[in-house]
Amino acid sequence: MPLIDVRHPNLPRASEITPKGVYLSRRELVAGLASAGLVGCAARPAQARRGYELPAVSRDPRYDGVVDRGVTPSSVSGRYNNYYEFTTAKDEVWEQSRQFEVRPWSVRVEGMCHKPTTFAMEELLKRFELQERVMRFRCVEAWSMVVPWVGFPLAQLLAAVEPLGSARFVRFESFYEPLQATGQLTQPWYPWPYFEALRLDEAMNDLTMMVVGAYGEILPRQHGAPLRLLTPWKYGFKSAKGIVRIELLEERPDTFWHKMVPEEYGFFGNVDPRVPHPRWSQAMERDIETGDERPSLVYNGYGEWVADMYAGTPRRERRKNRRQNRRGGRESTD
Ligand SMILES: Nc1nc2c(c(=O)[nH]1)N[C@H]1C(S)=C(S)[C@@H](COP(=O)(O)O)O[C@H]1N2
Ligand SMILES: [Mo]
């Protein structure tokens, strides 16, 4: 399956620049320092290395009806990840992200709002009531899975900073730590840090979650610890991982994949089996555990809660969105 693995054609593959060698030597260095008592991380227990404790979580069953199969085992979903900051090799992300420092961590929420605020991760975990939701997840590459995510609606975080009436979009920015996430070092043709965005109504939709956990535990690094976005009716690339900044904006910002390949990735990224990717069909999806193929669903099955947001899009706005997309992003909801 061809990926959104678009690299500069004149540059070598990341693996040819020996990111693994760089990584291993760094790891050996860290291990050496640890045994010399200079850094303590290697000696700390697993929970501490995970960074945070997950507070009590309640189950939110409202979206269970959409799920059409059992939960994908964490041993499968945790070994098949897209996280280009570390590597483009899906089966190596878990290993290459293992030492990533997630504590201290904070997220700055700012822009068009009355109360721009920096939230420490500990505060987010205390302040917002955590829910577990079992959701379908569909990558634009046509693979899919079912994951029990833990988090809280983004709307609650945005309400805390009191958006101005003029705010119309929300932009998400991921971390930039090239010494820890060597993919940022070895793949300089990507416009790091990763950035994504939603329209304000999409951001306020109850389905849009800030995720801090999965499978009943604090979020593992390969899934975007300590804080990621989840927009389950959109292709996976909209769900940015490792978020450090959230900005309320008046104008629609660009997004990482649209900037890289405008003709292949639009702003909305809503799952739509009727609109093929320029290089492959989106009609079917493949479960990463079983390999079973099944028909893809419009809005990934969540249309009941999101379709209204697009039906009402006035023609003038649709035209403007298309223009802003510049020769690309073939999508029915533009
Ligand atoms: N910061 C960041 N976020 C990201 C990505 C990435 O490379 N970097 N990949 C995206 C893509 S394409 C997908 S499919 C999902 C994968 O999430 P998972 O590995 O937790 O399943 O993360 C998304 N969020
Ligand atoms: Mo993806």
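Model, not experiment: these values are computed from the prediction.

K.L.:
Any chance you could explain helix H6 (residues 154–161) here in plain terms?
P.N.:
Residues spaced three or four apart along an α-helix point in a common direction, a consequence of the helix completing one turn every 3.6 residues. H6 sits mainly inside the fold: six of its eight residues count as buried. Of the residues trailing H6, glutamate 162 is marked for its positive phi of about 55 degrees.

K.L.:
Looking at this structure, I do not really get the sheet that holds strand E6 (residues 169–174). What am I missing?
P.N.:
Hydrogen bonds between backbone groups are what pair the strands of a sheet, and the pairing can be parallel or antiparallel. Spatially, five strands are ordered E3-E2-E11-E6-E7 in an open sheet, and the strand pairing comes out mixed. Taken across any chain shown, the strands that pair with only one partner, and hence form the sheet edges, are strand E3 (117–120) and strand E7 (195–199). If you compare each strand with its neighbour and ignore which way they point, the axes differ by 15 degrees on average. The pairing of strand E2 (residues 106–111) with E3 spans four bridges and is classified as antiparallel. Bridge assignment links serine 106 to a residue of E3, and that residue is alanine 120. Contacts between H6 and the sheet are confined to E2, E3, E6 and strand E11 (243–249), with E11 contributing the most and set at about 65 degrees to the helix.

K.L.:
Is there a simple way to explain the environment of glutamate 196 in this structure?
P.N.:
Counting through the fold element by element, glutamate 196 comes out in strand E7. With a relative accessible area of 0%, glutamate 196 lands in the buried category. Separated by 42 residues in sequence, glutamate 196 and lysine 238 have C-alpha atoms that sit 6.2 Å apart. Residue contacts for glutamate 196: discarding those within four places in its chain leaves Val170, Arg171, Phe172, Phe237, Lys238, Ala240 and Thr255.

K.L.:
Is there a simple way to explain the site of ligand 1 in this structure?
P.N.:
Around ligand 1 there are 20 residues in total, and Glu85, His223, Arg228, Ser239 and Lys241 lie nearest to it. One nitrogen or oxygen atom from the main chain of asparagine 82 is found 3.3 Å from a nitrogen atom belonging to ligand 1. Between ligand 1 and serine 174 there is a distance of 3.3 Å, counted from a nitrogen atom to a side-chain nitrogen or oxygen. Relative to its free-state accessible area of 540 Å², ligand 1 is covered by the protein chains to the extent of 99%. When each cavity is represented as a set of grid points, ligand 1 is found to reside in the largest cavity. Taken together, the residues of the shell around ligand 1 break down into ten nonpolar, seven polar and three charged.

K.L.:
Even after reading the chapter, I still don't get helix H10 (residues 303–311), so can you show me in this structure?
P.N.:
For H10, the set of buried residues is Gly303, Val306, Met309 and Tyr310. An end-on view of H10 places all buried positions within 135 degrees of arc, on one side of the element. Those residues of H10 that are exposed and angled more than 90 degrees off the buried face are Glu304, Asp308 and Ala311. Structurally, H10 contributes buried residues whose contacts are with E7 and helix H8 (200–204).

K.L.:
What's the story with the side chain of arginine 136 in this structure? I'm lost.
P.N.:
Tracing the chain through its elements places arginine 136 in strand E4 (residues 130–138). Arginine 136 sits in the buried class, given a relative accessible area of 2%. Within polar-contact distance, the side chain of arginine 136 engages the side chain of aspartate 68 at 3.0 Å. Engagement of the side chain of arginine 136 in a polar contact is seen with the side chain of glutamate 285, the distance being 3.3 Å. Setting aside chain neighbours within four positions, we find arginine 136 in contact with Val66, Val67, Asp68, Arg69, Met145, Val146, Pro232, Glu285, Leu297, Asn300 and Tyr302.

K.L.:
Where do I start with the nonpolar core in this structure?
P.N.:
For soluble globular proteins, the rule of thumb is that nonpolar side chains tend to be buried together. With 83 residues, the main nonpolar core has Trp149, Leu157 and Ile246 as its most contacted residues. In terms of residue count, the dominant contributor to this core is strand E5 (residues 143–153) (six residues). Among residues more than four places away in sequence, those in contact with tryptophan 149 are Gln131, Glu132, Arg133, Met135, Phe137, Val211, Gly213, Ala214, Leu219, His223, Arg228 and Leu230.

What counts, and at which threshold
Residues numbered from 1 in each chain as written. Chains lettered and ligands numbered in written order. Predicted model: local features only at pLDDT ≥ 70, side-chain atom pairs only at ≥ 80, totals over all residues. Heavy atoms only, no water. Buried < 20%, exposed > 50% of the residue type's maximum accessible area, 1.4 Å probe, protein only. Helix = DSSP H or I, 4+ residues; strand = E, 2+ residues; numbered from the N terminus. Pairing = 2+ DSSP bridges. Axes fitted to C-alpha atoms, helices over the stretch in contact; angles between N-to-C directions. Contact = heavy atoms within 4.5 Å. Near = heavy atom within 4 Å. Polar contact = N/O pair within 3.5 Å; in protein donor to acceptor, adjacent residues only side chain to side chain. Areas by Shrake-Rupley, 256 points an atom, 1.4 Å probe, with all protein chains shown as cover. 1 Å grid on protein atoms, 1.4 Å probe; cavity = no way out; pocket = protein on both sides within 12 Å on 5 of 7 lines; lining within 4 Å. Sits in = over half its atoms within 2 Å of the grid points. Nonpolar A, V, L, I, M, F, W, Y, C, P; charged D, E, K, R; others polar. Arc of directions from axis to C-beta. Core = buried A, V, L, I, M, F, W, Y, C linked by side-chain atoms within 4.5 Å.

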